[in-house]
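# Coordinate analysis (summary)
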Amino acid sequence: MTKLTKQPVQDRAEHNAFFPSDYSLSVYTSPVTNFDGFKFENTYRGEKNKILMIASDERYLQMSNGKYFSTGNHPVETLLPMLHMDAAGFEIDIVTLSGNSVKLEMWAMPEKDENVMKLYNKYIEKFENPVKLDRILENITSENSPYSGVFIPGDHGAMINLPESREVKEVLKWAIKEDKKIITLCHGPAALISGNIDESEFLFKNYEMTVFPDSIDEGANQEIGYMPGKLKWLLAEKLESLGAKIVNEAISGQVHIDRNLITGDSPLAANQLGIVAVDELLKMVNK
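My aim in this report is to walk through the structure given alongside it, one point at a time. (Residues numbered from 1 in each chain as written. Predicted model: local features only at pLDDT ≥ 70, side-chain atom pairs only at ≥ 80, totals over all residues. Heavy atoms only, no water.)

## Some thoughts on the overall build of the chain
We apply this condition: Secondary structure is summarised from DSSP: a helix means a run of H or I of at least four residues, a strand means a run of E of at least two, and numbering begins at the N terminus for each. In this treatment the radius of gyration is a C-alpha quantity, and the globule benchmark scales as 2.2 Å times the residue count to the 0.38 power. The buried label applies to any residue whose accessible area, calculated with a 1.4 Å probe on protein chains only, is under 20% of its type's maximum; exposed applies above 50%, and partly exposed to all values in between. Any two residues whose heavy atoms approach within 4.5 Å at even a single point are treated as in contact. Only the protein chains shown count as covering a residue, and every accessible area follows the Shrake-Rupley method with a 1.4 Å probe. Charge assignment in this entry is limited to Lys and Arg as positive and Asp and Glu as negative, and neither His nor the chain termini are counted. The atom standing in for a charge is NZ when the residue is Lys, CZ when it is Arg, CG when it is Asp and CD when it is Glu.
Regarding its fold elements, the chain presents nine helices and 13 strands. The C-alpha radius of gyration of the chain comes to 18 Å, within 12% of the 19 Å expected for a compact globule of 287 residues. In the chain, buried positions account for 56% of the 287 residues. The long-range fraction of contacts in the chain, counting pairs at least 24 apart against all pairs at least 6 apart in sequence, stands at 78%. For the chain, the computed accessible surface area is about 12900 Å², with 45% contributed by carbon and sulfur atoms. Of the charged side chains in the chain, 30 are positive and 42 negative, and the gap between their average positions amounts to 1 Å.

Structure below.
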């Protein structure tokens, strides 16, 4: 049997950019997910049936050594929560900051998971042709907004541009004010950092949340060649510096709720995040 390399793999489409090593993909990815059915009893058929998904439109994240990680949104972290929300009667509108296509880490696509792949094919046109966020920002935050929640999928693509986006900040500020659900996992909470732009106090100060641990990005992800270098900044460290409270140290599939914020720790949490998010959304819209 050929020994799998722990060296990041050259991305032939971009100078000095790399995919995860073959070994790391053998450890971190699977052709199927842990989806085991839907847990809600009744679907929602009301008017507030939309979820806004803010996705990554950037693929290349520069490391501290100058190399680029070829990343994006993790397919499992994106599609599994969507699967539950879609089945529960919520329509998912996909936006990116530029209006360019969503960047997914196709090397992590669970291609033998029929339920997930069916959902992916249903939404593929929206992935390829998302709406530019600022074009519908007024509608999102309006008094008669059709949106019940905001979903921000994870992996390292969420660390590019979203933390510096005023448009993302306005969406999050609206969601907090109107008590809409904010659903995110893994590195997706990087988008929450935008809640510090031009604010006297971080929008998520004293919020408890689960995120992908810095210790893994600094440790295992380097040792097995998942990334071609260390990050320029660390997610949990940054959130804590702004006043957030990180409640996990490892990845176990943990999901946490604090007020209107629902977070998960990693791809391991994607299925449970979808279950919990749907439960919370249905409670809200059926009041």
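## Considering the side chain of H84
The test is simple: In the analysis that follows, any N or O atom pair within 3.5 Å is treated as a polar contact, provided that within protein one partner can donate a hydrogen and the other can accept it, and provided that, for residues neighboring in sequence, both atoms belong to side chains.
With respect to the secondary-structure elements, H84 resides in helix α2 (residues 75-87). On the basis of relative accessibility, which here comes to 1%, the residue H84 falls in the buried class. At 2.8 Å, the side chain of H84 and the side chain of N271 are in polar contact.

## Some remarks on the sheet that holds strand β4 (residues 60-62)
The following threshold applies: By this definition, two strands are paired if DSSP reports at least two bridges between them.
Strand order in this open sheet of four strands is β1-β2-β5-β4, and the pairing throughout is mixed. The open sheet terminates on both sides in strands that have one partner only, identified here as β1 (9-10) and β4. Inspection of the sheet shows β1 paired to strand β2 (residues 17-19) by two bridges, in the antiparallel sense. When the bridges of β2 are listed, V9 appears paired with F19.

## So, the pattern of salt bridges
We apply this condition: Criterion for a salt bridge: a side-chain nitrogen of Lys or Arg within 4 Å of a carboxyl oxygen of Asp or Glu.
A full pass over the atoms with the stated rule returns 15 salt bridges. Across the pair D86 and K122 runs a salt bridge whose closest N-O atoms are separated by 2.9 Å. In this pair, D86 is assigned in helix α2 and K122 in helix α3 (residues 114-128), connecting sequence segments 36 residues apart. The partner of K181 in a salt bridge is E280, with the nearest N and O atoms 3.8 Å apart. Of this pair, K181 sits in strand β9 (residues 181-185) while E280 sits in helix α9 (residues 270-285), placing them 99 residues apart in sequence. Under the relative-accessibility criterion, K181 is labelled buried at 8%. Residue E280 is classed as buried on the basis of its relative accessible area of 15%. Among the charged side chains, a network of salt bridges with common partners joins K50, E91, D93 and K126.

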